[in-house]
Amino acid sequence: MTSTNPALRHQVIRIYKDLLYLGREYPQGYDFFRTRLHRAFASQKNLTDEKKIRKGIERAEFVKKEIEALYYLKRYRTLRQRYDKS
Amino acid sequence: MIRTAFLRTARQAIRSAPRYHAPIARPVARSSLFQSKQVAPATYFQAVRSYSAHAGLSKDEVEGRIMDLLKNFDKVQDASKLNAQSHFHNDLGLDSLDTVEVVMAIEEEFSIEIPDKEADAIHSVNQAVEYILAQPDAH
């Protein structure tokens, strides 16, 4: 990992941190999220091709958006339930 | 800032103390308090208390808090190897992602934000302690 572009390394670490912060409120619990996230990142650790790493970062960004969307949806559903069930 | 202003007006009222110019950019609270104590101990205002003054972190305290944090971190495989000199990777068996998590936990513990570059340089308990001690706003 040290041999590759340090800028990419920082990007990976940043997205990892972002995802961790997001994972705090994950419905199945933070520990569940953390172990899975860690596994997902660790499974890609032998990537050396810059293009592939960039792809991976893009995928991580996508996952981040998905999680955000999940939270919005969850909030929407909760609110909806509270207002509709009268 | 308010405290300096307050002290200054108080001093004017007392008029016994020689006027001195309180430096604003330095750690204002402590130095101004300390000096005014020396200047006029008898008329020193009891009402002025530095609740928000930075108490400073001792090295032992920082070390203890970081150790506690690592003790509770479930990925530390060999807790017996945990001491002030432990290296995250070599001694504790943490990979780089775990290190990121540890640094995040340290950030939270001391309510500071560590920039990516400096966070990347923290690889051992010792380095973390050094870094925290160098931060004036860590607590």
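Residues numbered from 1 in each chain as written. Chains lettered and ligands numbered in written order. Predicted model: local features only at pLDDT ≥ 70, side-chain atom pairs only at ≥ 80, totals over all residues. Heavy atoms only, no water.

- Naming follows an unreviewed UniProt entry, where chain B appears as Acyl carrier protein of Zopfia rhizophila CBS 207.26.
- The Sequence similarities (unreviewed entry) comment attached to chain B in UniProt states, word for word, "Belongs to the acyl carrier protein (ACP) family." (UniProt positions renumbered as here; feature names shortened; annotations may be inferred.)

- The name given to chain A in an unreviewed UniProt entry is LYR motif-containing protein 5A, with Zopfia rhizophila CBS 207.26 as the source organism.
- For the record of chain A, the UniProt heading Sequence similarities (unreviewed entry) holds the text "Belongs to the complex I LYR family."

## Regarding the overall build of chain A
Step number 1: For chain A, the helix and strand inventory stands at three helices and zero strands.
Step number 2: Starting at the N terminus, the α and β elements of chain A follow one another as α-α-α.
Step number 3: A buried classification covers 28% of the 86 residues belonging to chain A.
Step number 4: Here chain A displays about 6,600 Å² of accessible surface, and carbon together with sulfur accounts for 52% of that area. (Helix = DSSP H or I, 4+ residues; strand = E, 2+ residues; numbered from the N terminus. Buried < 20%, exposed > 50% of the residue type's maximum accessible area, 1.4 Å probe, protein only. Areas by Shrake-Rupley, 256 points an atom, 1.4 Å probe, with all protein chains shown as cover.)

## Focus: the pattern of salt bridges
Residues and elements named next belong to chain A.
Step number 1: Scanning the entire structure with this criterion turns up twelve salt bridges over all chains.
Step number 2: With its nearest N and O atoms 3.4 Å apart, the salt bridge here joins Arg34 to Asp31. Taken together, the residues Arg34 and Asp31, both in helix H2 (residues 30-42) and three residues apart, mark about one turn of the helix.
Step number 3: Relative accessible area serves as the criterion here: at 7%, Arg34 is assigned to the buried category. (Salt bridge = Lys/Arg side-chain N within 4 Å of Asp/Glu carboxyl O.)

## Concerning helix H3 (residues 50-84) of chain A
All names here are of chain A.
Step number 1: Its 35 residues place the ends of H3 50 Å apart at the C-alpha level, agreeing with the 51 Å of an ideal helix rising 1.5 Å per residue.
Step number 2: When we look at burial in H3, the residues that qualify are Ile53, Ile57, Ala60, Lys64, Ile67 and Tyr71.
Step number 3: Each element contacted by the buried residues of H3 is listed here: helix H1 (6-23) and H2. (Expected span 1.5 Å × (residues − 1). Contact = heavy atoms within 4.5 Å.)

## Structural notes on the interface of chain A and chain B
Step number 1: Taken together, the contacts link 15 residues of chain A with 16 residues of chain B.
Step number 2: Here chain A and chain B share an interface that buries about 1,400 Å² over both sides, 52% of which is from carbon and sulfur atoms.
Step number 3: A:Arg9 is the salt-bridge partner of B:Asp120, the closest N and O atoms lying 3.1 Å from each other.
Step number 4: Contributions of two or more residues to the side of chain A that touches chain B are made by H1 and H2 of chain A.
Step number 5: In terms of residue count, the dominant contributor to the side of chain A that touches chain B is H1(A) (eight residues).
Step number 6: Taken together, the residues of the side of chain A that touches chain B sort by class into seven nonpolar, two polar and six charged. (Buried area = accessible area lost by both parts, 1.4 Å probe. Nonpolar A, V, L, I, M, F, W, Y, C, P; charged D, E, K, R; others polar.)

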